[in-house]
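Notes for the structure review
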Amino acid sequence: MTAVLAARDLSKAFGATSILSGASFELQSGEHLLLLGPSGSGKSTLINLVTGLLTPDTGEIVIAGEPMSSLGPTARDDLRRRRIGIIFQTLRLVSALSVRANLRLAQKLSHGQVDDVEIDRLLEALGVAHRANAKPRAMSQGEVQRAAIARALVGRPDLLVADEPTSALDDANAERIAQLLIETARSQGSTLLIATHDQRLRPFIPNSLTLGCSAREAT
Amino acid sequence: MLSLALAYMRDRQLATGLNMLLLALAVATLTILLLASTQLVDRMTRNAQGIDLVVGAKGSPLQLILSSIYQMDQPTGNIPLASIDMLRRDPAVAQVVPLALGDNFRGYRIVGTEASYAGVYGAQLASGRMFDEHGEAVMGAEVAAKLGAGLGQKFVGSHGLGDGGGAGEHHSHPFTTVGILRSTGTVLDRLILTSVETVWDVHGIAHEGEGQQHGESEEPHEHADEQEAHAEQEHDAQALTESGGQLTPEVTALLVRYRNAAGAIRIPSMINRQTDMQAAVPAIETTRLLSLLGVGIEGARLFAWLLAAVGGLSIFVTLLNATNAREADLALLRVMGATRARVFGTVMAEGLMTALVGGFLGVLIGHSVLAAATRSFSALGDIGMQPWQPHPGELAIFGAMVAIGLAAALIPALRVFKIDLAATLARAS
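A brief look at the structure comes next. The written sequence of each chain sets the order in which its residues are numbered from 1. Whichever chain is written first becomes A and whichever ligand is written first becomes 1, with later ones labelled in order. Only residues with pLDDT of at least 70 get local features here, since the model is predicted, and only at 80 or more are side-chain atom pairs given and counted; chain-wide, interface and lining totals rely on the full set of residues. Hydrogens and water are ignored here; the side-chain numbers use all heavy atoms of the structure.

Contacts are assigned to residue pairs that have any heavy atoms within 4.5 Å of one another. Tallying the contact residues gives 21 residues for chain B and 25 residues for chain A. Here the quantity called buried area is the accessible surface, traced with a 1.4 Å probe, that two parts lose on coming together, added over both. For the pairing of chain B and chain A, the buried interface totals around 2100 Å² over both sides, and the portion due to carbon and sulfur atoms is 65%. Any Lys or Arg side-chain nitrogen located within 4 Å of an Asp or Glu carboxyl oxygen qualifies as a salt bridge. Taken together, the links from chain B to chain A amount to 3 salt bridges. Here a polar contact means two N or O atoms within 3.5 Å. Within protein one must be a hydrogen donor candidate and the other an acceptor candidate, and residues neighboring in sequence count only if both atoms are side-chain atoms. In this assembly, chain B and chain A are joined by 5 residue pairs in polar contact (both at pLDDT 80 or more). Helical segments are the DSSP runs of H or I of at least four residues, strand segments are the runs of E of at least two, and each set is numbered from the N terminus. Mapped by element, the contributors of at least two residues to the side of chain B that touches chain A are α1 (2–11), α12 (327–336), α13 (340–376) and α16 (421–428) of chain B. Ranked by residues supplied to the side of chain B that touches chain A, first place goes to α12(B) with 7 residues. Looking at side-chain class alone, the side of chain B that touches chain A contains 14 nonpolar, 2 polar and 5 charged residues. Classes in brief: Ala, Val, Leu, Ile, Met, Phe, Trp, Tyr, Cys and Pro nonpolar; Asp, Glu, Lys and Arg charged; the others, Gly included, polar.

What makes a nonpolar core is a set of buried Ala, Val, Leu, Ile, Met, Phe, Trp, Tyr and Cys residues whose side-chain atoms join them at distances within 4.5 Å. Here the term buried applies to any residue with accessible area under 20% of the maximum for its type, exposed to any over 50%, and partly exposed to those in between, with areas from a 1.4 Å probe on protein chains only. Counting 108 residues, the largest nonpolar core has A:L5, A:F25, A:I63, A:V94, A:L159, A:L193 and B:L333 as the members making the most contacts within it. Excluding residues that lie within four positions of it along the chain, B:L333 makes contacts with A:V94, A:L105, A:L109, B:L4, B:Y8, B:A338 and B:V343. Among the nonpolar cores identified, the runner-up in size contains 35 residues, and B:V178, B:V187, B:L191 and B:L255 belong to it.

Our focus in this paragraph is the sheet that holds strand β2 (residues 17–27) of chain A. All names here are of chain A. For two strands to be treated as a pair, DSSP must find no fewer than two bridges joining them. Spatial strand order, β2-β1-β4-β5: 4 strands in an open sheet with antiparallel pairing. Edge strands, defined here as strands with exactly one partner in the open sheet, are β2 and β5 (66–67). Bridge count between strand β1 (residues 5–14) and β2: 7 bridges; the pairing is antiparallel. Residue pairing across strands places L10 opposite A23, the latter belonging to β2.

Here we take up the sheet that holds strand β9 (residues 208–210) of chain A. All names here are of chain A. Spatially, β6-β7-β8-β3-β9 is the arrangement adopted by the 5 strands of the open sheet, whose pairing is parallel. Looking at the sheet topology across the chains shown, the edges are occupied by β6 (84–87) and β9. Each strand axis lies, on average, 15° off the axis of its neighbour in the sheet, ignoring direction. For β6 and strand β7 (residues 159–163), the ladder comprises 4 bridges, and the chain directions are parallel. Bridge pairing in β7 places G85 opposite L160. In the packing of helix α2 (residues 73–83) onto the sheet, the strands contacted are β6 and β7, and the crossing angle to β6 comes to about 80°. Where helices are involved, their axes are fitted lines through C-alpha atoms of the stretch in contact, as for all axes, and angles between N-to-C directions lie from 0 to 180°.

That's the geometry; what it means functionally is another story.
So this is what it looks like as structure tokens:
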């Protein structure tokens, strides 16, 4: 069975500073992984490598059988568009568009067509259907993050990558977002990779990979 | 991507609206200048076509041209009736059309003339017939349309050449409309034509057998000897200098068409030197007037292009600030799967749509302002301004605005290609 994500012997340095060295792991379809570590441990770098926003110095990344790390920029954009959904800590939605318009745009970019029924279903599932026509600046942090999950999932990605999705949220919202992430990813059949230093997520995803301060070891 | 560009424009409505307004003002100014200058030149050229010389009372030659050809200014005075015969006897003259001005009906000038005046502009009757008997009048197309007049319509003229400026109405001499002319796109459309004799009658000037007296129906002396004609003219000219000021039937001006080039050399100097009248050449006076107006028009045009440049610069600054401010948004779009070209296209589309709306609004404002000005200032109506008539040059102005909009958006849009996604996302997070 082809792994949805395979990272093999990844190394990345910025100048003389080594951020990642020899990181390897695999995620099968429907599998979830928590990428833990303090700030500066290389979580975001690893996320950027996985999503093709950075190129590893050594090693390779394969997404559903397609080698992300060896592709050119355009092909990489295309692979990301087809296979990966991304959620960020603060950068969640396009500011000028309503929640529904964000989801429509994401769907259009991903598959070239819009499915309003699917959008309504996702918004309902994430509890933001009543905010469908609101712009991000008019919503609470928790609402925006739930809308961002919907935005990332609406393209039915094979791999859902979340970078610090709960760090800015209070306990209640963090718990709710964690549950929604897992439930919607499961119902969509998406594989989930979450990079966080938020220990509150540990109980929800037992499978974890911890990066050290120097980001050189994986457990 | 077009809807995204629209969403960004809606998101900062004030800046977008102001940019559109700046461009619209530039386009409106350019449109007004284009329409006014081209229609003015076109009208002046068309109205003066087929008229080689205007003979009238001494005074400003430009005033004589304006009052006799364009029907815009007060006449310089009257000239003796004998001047018609004097010119008609000249072998170098092909046609002489007398004009007797002095009255108006609701602002439209009543011109005492001959049927040949309509022929100067190739006018044809839309209905009815040309004036013949006393009191009969033929209306220009615009006069009939604006006044809603039809055949048989009676009206009373007022003294003076402008609406409201008259000294009284001529109730004892009502006119009857016997014909309506087709539109010619010339000054004729805004005139009411009648016979010279009717104008004299209306003003109580006694006359008799004028048609025969000044040889209206006679053919010009095509075979007359040039020298003999010249001698006769000198005699007539002397007589004309002595008859000024008498209360006799007179005309306001004569429109002259030469038979050959010799007329252009001899006749104006003869009239100016040997009579109390003056001869003005429409081509010279019109060129002088247009060159005077041209300086102002060019100055205003320069200002309008400056305004357009400011509009373009404003779009540039707005989009540059916007792309800086929404760098994270643009990075998110790229992460969501939008290609560089699509994001580039979104920024370009903003510039393009701003310019398109500004350009469209500008053209609309330009025509509207011109229409309002034509309604408010009678001088614009007098030169036959058609405020809603489009001009091909407007497409060029519109195209230039689109080019300005695209050029202004280009540098901000190119920044999309320089965005380092990982760094931008790291900053945003």
